[in-house]
Number of protein chains: 2
Amino acid sequence: MIKVAVDGMGGDFAPQLVVEGAVQAANSFDDLEIVITGREDAIKRELYRHKVTGGKISIRHASEVVEMSDSPVQAIKKKKDSSLSVCIQLLKQKETDAVVTAGNTGAAVAAATLNLGLLPGIKRPGIAIAVPTLRGITIAVDVGANIDPTPEHLLQYAIMGDTYARYLLRKKKPSIGLLNIGEEESKGTETLQETYKLLRDSGLNFLGNIEGRDFFSGKCDVIVCDGFAGNVVLKMTESILEMMITLITKEIQKDFLARIGAFLCKPAFESIRRETNYEEAGGAPLLGVDGVVIIGHGISSAKAVRNAIRVAREAILEHVNEHIIEGIHSHLNAGLNPPVKSVPIPKVNP
Amino acid sequence: MIKVAVDGMGGDFAPQLVVEGAVQAANSFDDLEIVITGREDAIKRELYRHKVTGGKISIRHASEVVEMSDSPVQAIKKKKDSSLSVCIQLLKQKETDAVVTAGNTGAAVAAATLNLGLLPGIKRPGIAIAVPTLRGITIAVDVGANIDPTPEHLLQYAIMGDTYARYLLRKKKPSIGLLNIGEEESKGTETLQETYKLLRDSGLNFLGNIEGRDFFSGKCDVIVCDGFAGNVVLKMTESILEMMITLITKEIQKDFLARIGAFLCKPAFESIRRETNYEEAGGAPLLGVDGVVIIGHGISSAKAVRNAIRVAREAILEHVNEHIIEGIHSHLNAGLNPPVKSVPIPKVNP
């Protein structure tokens, strides 16, 4: 069985939609056991609403809640018995194989990094998100864990993104792009110029710099970016889609024929909404920490929570972290021919 | 008369669409005289196509062309007789009141900064762009001139953006937001934390940090951002709109009723396309240089060029640069009561 700890109090609609998502996941995957952390009475009540009593879902009580407005330091130092903290502890003590949280991202990154530590060789963790594009899914990493990365951090994000794309998206030789303000090697900050050289010499399938306009074109499988720009772009995406919908609705209301037209177009619009919906991706893996940690959007719906748990399950089944260790290891040893052998892959909790 | 120098060879569709845009502008505004720089024969041919011979449009020959792929340094050092260079020289020698170019942005920023110098007190120029939002136009500054700004640079962008919003958009007390990855004062890099304090104490109508999701919400009148994130967001916007159009077209093709629906919705879609079209904004002022310099998009259409010239004209008529000097001046003297008097406003070329 695969065991996933779910932060029952994390997210704007916790515990209701988190519990609902956990129930959906438990019903979808036979090999899944879920532990929900948080206030026992509240979570029990939600489980009861879904007619779940025991079985594949259990509760681990946690008396405190990390609020969205808490600073990461506050969250970790002052709320040792939070639902987030208890999740991370369950993973640390190997009682579960993964953590899923839709709560405070900064707190999740800090709690995971400090308590679980990093994978061997990794300098800083990065958040990887699946971006829907015109040619399928692109992975963007980092989108907010590290707002002041060094070239080495960015190279490691490329290696981790490459692994993610290989094993979770089944891309054979993922193409890597570096988010910059121009395509030429000389563009961008000194950090990015240095990163360009590292990526060019990395043995990865590096396409070169890409610009903002390539974010949704599907030009590459992995977009390496600094956490600041990545985070801004990610949040901006939501607002532009919302803006388009508002504009379309407003314009269509003005005109009777357009209202009929919009009615006829509705299935097409619904289909687009599904294709570009964050709920499908579900959650963003925090790559580089020693454990599978999936961070969901604060406004996660039940479906998004369910899919975040699905991503956690896949990351465990595909041994993503073990492959990251391999990737970093063989990069660190790239200078020393002959090429290093793979490190042994530890077994997942049975 | 207002005299504007237009870089006849700058932009992906130069000289054709640049000349066409210049002709449209000359026809729209009686008080406008335009000098187009570039290869005389090519520009003359285009003017001839539009049946323009002399009158309000003249040509200044320039033998070289700055390519989009040239580095700013190459462009300035090696192409002294480029159409861009000649434009800037015309402004420097006060033969014209403004420059409009849709060419290489980096080269335009470098050429303007080095040749024209900066306004008194200004440390670095910034590119300001008009962003269409749900509640009208928002100014974002900087979107690419300065990818590694200090807090002081960002404060000055706020002051310049405030001036732009007051005098070109007629906003009474423009609200200012700082683009960051969270709303709290403690969020973001040290540079942004320091900038937050400067803005809070600046006397400007500072709303605080805004996130990517507020870029198109119209939450504030001026978005202050570092040139890297600003540039990425700007270019990304184009790609996401394109993606939406492609997706909508694809989905609608699948379904006969939706095709009829789309036909009925067409006027509404056209209206949205107009509202969100970069062509309306036309060009982005390079704020902070000692002269009015408007930078257009590389793919500028004739209409975009025409509107960039319109923006140049308005910046001159509204004495934007003189008001920037006032703003910077009164900020620099804010500590020394009583408040400083306005500096005298020089007259525009008659």
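As the structure is a computational prediction, the values presented were derived from the model and not from experiment.

A. Structural detail: the interface of chain A and chain B. Listed as interface residues are 50 residues of chain A and, on the opposing side, 50 residues of chain B. Contributions of two or more residues to the side of chain A that touches chain B are made by helix 8 (227-253) and helix 9 (256-275) of chain A. Among the elements that take part in the side of chain A that touches chain B, helix 8 of chain A stands out by supplying 19 residues, more than any other.

B. The arrangement of the sheet that holds strand 1 (residues 2-7) of chain B in detail. All names here are of chain B. If you walk across this open sheet you meet the 11 strands as 3-2-1-4-11-10-5-6-9-7-8, and the pairing is mixed. The sheet terminates laterally at strand 3 (57-61) and strand 8 (205-210), the two strands that pair on one side only. Mean inter-strand twist for the sheet, computed between neighbouring axes without regard to direction, equals 25°. Looking at chain direction, strand 2 (residues 32-38) and strand 3 are connected through five bridges and run parallel. Along strand 3, the bridge assignment pairs G38 with H61. Against the sheet, helix 11 (residues 302-317) makes contact with strand 1, strand 2, strand 4 (98-101), strand 10 (283-287) and strand 11 (292-296), and its axis sits at roughly 160° relative to strand 11, the strand it touches most.

C. Geometry of the sheet that holds strand 8 (residues 205-210) of chain A. Residue and element names in this part refer to chain A. One open sheet accounts for 11 strands, arranged 3-2-1-4-11-10-5-6-9-7-8; its pairing is mixed. Where the open sheet ends on each side, the last strands, each with one partner, are strand 3 (57-61) and strand 8. Ignoring which end each strand starts from, the neighbouring axes of this sheet average 25° apart. In terms of strand pairing, strand 1 (residues 2-7) meets strand 4 (residues 98-101) through three bridges, oriented parallel. Note on strand 4: the bridge partner recorded for V4 is A98. Across the sheet, helix 2 (residues 40-49) touches strand 2 (32-38) and strand 3, and the angle it forms with strand 3 is around 165°.

D. The arrangement of the relation of the copies chain A and chain B in detail. In screw terms, the move from chain A to chain B is a rotation of 180° and a rise of 0.0 Å along the axis, fitting with an RMSD of 0.0 Å. Such a combination of rotation and displacement between the chain copies is what one expects of a two-fold axis. Taking C-alpha positions as reference, the residue of chain A nearest the rotation axis is A:G261, located at 1.8 Å. Comparing contact sets, 100% of the residues at the interface of chain A also lie at the interface in chain B, consistent with an isologous, same-surface contact.

E. Quick look at the confidence of the model for chain A. Residue and element names in this part refer to chain A. Mean pLDDT for chain A: 89, with 92% of residues reaching 70 or above. The element-level mean pLDDT for chain A is lowest in helix 10 (residues 278-281), coming to 66, with strand 7 (residues 175-179) highest at 98. In the model, residues 336-343 has pLDDT below 50 throughout and makes eight contacts with residues more than four positions away in sequence or in other chains. What the predictor reports for the complex is a pTM of 0.86 with an ipTM of 0.83.

F. Highlighting the packing of helix 6 (residues 151-167) of chain B against helix 12 (residues 320-332) of chain B. All names here are of chain B. The contact between helix 6 and helix 12 brings their axes to 9 Å, and the two run at 135°. Between helix 6 and helix 12, the angle falls in the class oblique. Judged by the sense of rotation from one axis to the other, the crossing of helix 6 with helix 12 is right-handed. Across the interface between the two elements, Q156, I159, M160, D162, T163, Y164 and Y167 of helix 6 pack against V320, H323, I324, G327, I328 and H331 of helix 12. Residue composition of the contact of helix 6 with helix 12, by class: seven nonpolar, five polar and one charged.

G. Molecular detail of the pairing of strand 8 of chain B. Residues and elements named next belong to chain B. With five bridges joining them, strand 7 (residues 175-179) and strand 8 adopt parallel strand pairing. Note that in strand 8 the partner of G177 across the bridge is G208. Considered for its hand, the β-α-β crossover made up of strand 7, helix 7 (residues 190-200) and strand 8 is right-handed.

H. Representation of the nonpolar core. Judged by nonpolar contacts, the single largest core of 216 residues is most densely connected at A:A22 and B:A22. The contacts of A:A22, once residues within four sequence positions are left out, are A:V6, A:I34, A:I36, A:I57, A:V305 and A:I309.

I. Region of the structure containing the domain arrangement of chain A. Residue and element names in this part refer to chain A. One can read the domain layout of chain A as domain 1 (1-117 + 289-318) and domain 2 (126-278). Spacing between the C-alpha centres of domain 1 and domain 2 amounts to 26 Å. The partner domain 2 presents six residues to the eight residues of domain 1 that form the contact. The leading source of residues in the side of domain 1 that touches domain 2 is helix 11 (residues 302-317), at three residues. Taken together, the residues of the side of domain 1 that touches domain 2 break down into four nonpolar, two polar and two charged.

J. Region of the structure containing the environment of B:A108. Residue and element names in this part refer to chain B. Here A108 lies in helix 5 (residues 105-116). According to the C-beta neighbour criterion, A108 is buried, with 30 such atoms within 10 Å. Each C-alpha atom of the pair A108 and I76 lies 9.1 Å from the other, and the pair is 32 residues apart in sequence. Ignoring anything within four residues of it in the chain, the contact list for A108 reads L84, T101, G103, V293 and I295.

K. Here's a closer look at unusual backbone geometry. Residue and element names in this part refer to chain A. The linkage connecting A14 with the following residue, P15, adopts the cis geometry, with an omega of 0°. By the secondary structure assignment, P15 is in the loop between strand 1 and helix 1 (16-28). Unlike most non-glycine residues, K94 shows phi in positive territory, near 60°. Structurally, the position occupied by K94 is in the loop between helix 4 (83-92) and strand 4. Of note, R170 is a non-glycine position whose phi angle comes to about 60°, a positive value. Structurally, the position occupied by R170 is in the loop between helix 6 (151-167) and strand 7.

L. Spatial organisation of the pairing of strand 5 (residues 126-133) of chain B. Residues and elements named next belong to chain B. Of all eight residues in strand 5, eight are buried; the element is thus mostly enclosed. The two faces of strand 5 match: G126, A128, A130 and P132 on one face and I127, I129, V131 and T133 on the other face are all buried. Across two bridges, the pairing between strand 5 and strand 10 is antiparallel. When the sheet's bridge partners are listed, I127 is paired in strand 10 with L286. Of the strand pairs in this sheet, strand 5 and strand 6 (residues 136-141) are connected by six bridges, and their pairing is antiparallel. Looking across to strand 6, one finds that V131 is bridged to T138. Two successive antiparallel strands, strand 5 and strand 6, enclose a turn made up of two residues.

Criteria and thresholds
Residues numbered from 1 in each chain as written. Chains lettered and ligands numbered in written order. Predicted model: local features only at pLDDT ≥ 70, side-chain atom pairs only at ≥ 80, totals over all residues. Contact = placed C-beta atoms within 7 Å. Helix = DSSP H or I, 4+ residues; strand = E, 2+ residues; numbered from the N terminus. Pairing = 2+ DSSP bridges. Axes fitted to C-alpha atoms, helices over the stretch in contact; angles between N-to-C directions. Least-squares fit on C-alpha atoms with pLDDT ≥ 70 in both. pLDDT = per-residue confidence, 0-100. Parallel < 35°, antiparallel > 145°, perpendicular 65-115°, else oblique. Left-handed = near helix turned anticlockwise from the far one by under 90°. Nonpolar A, V, L, I, M, F, W, Y, C, P; charged D, E, K, R; others polar. Right-handed = clockwise from strand over helix to strand, strands pointing away. Core = buried A, V, L, I, M, F, W, Y, C linked by C-beta atoms within 7 Å. Buried ≥ 20, exposed ≤ 12 C-beta atoms within 10 Å, placed from the backbone. Domains from an automatic or database assignment.

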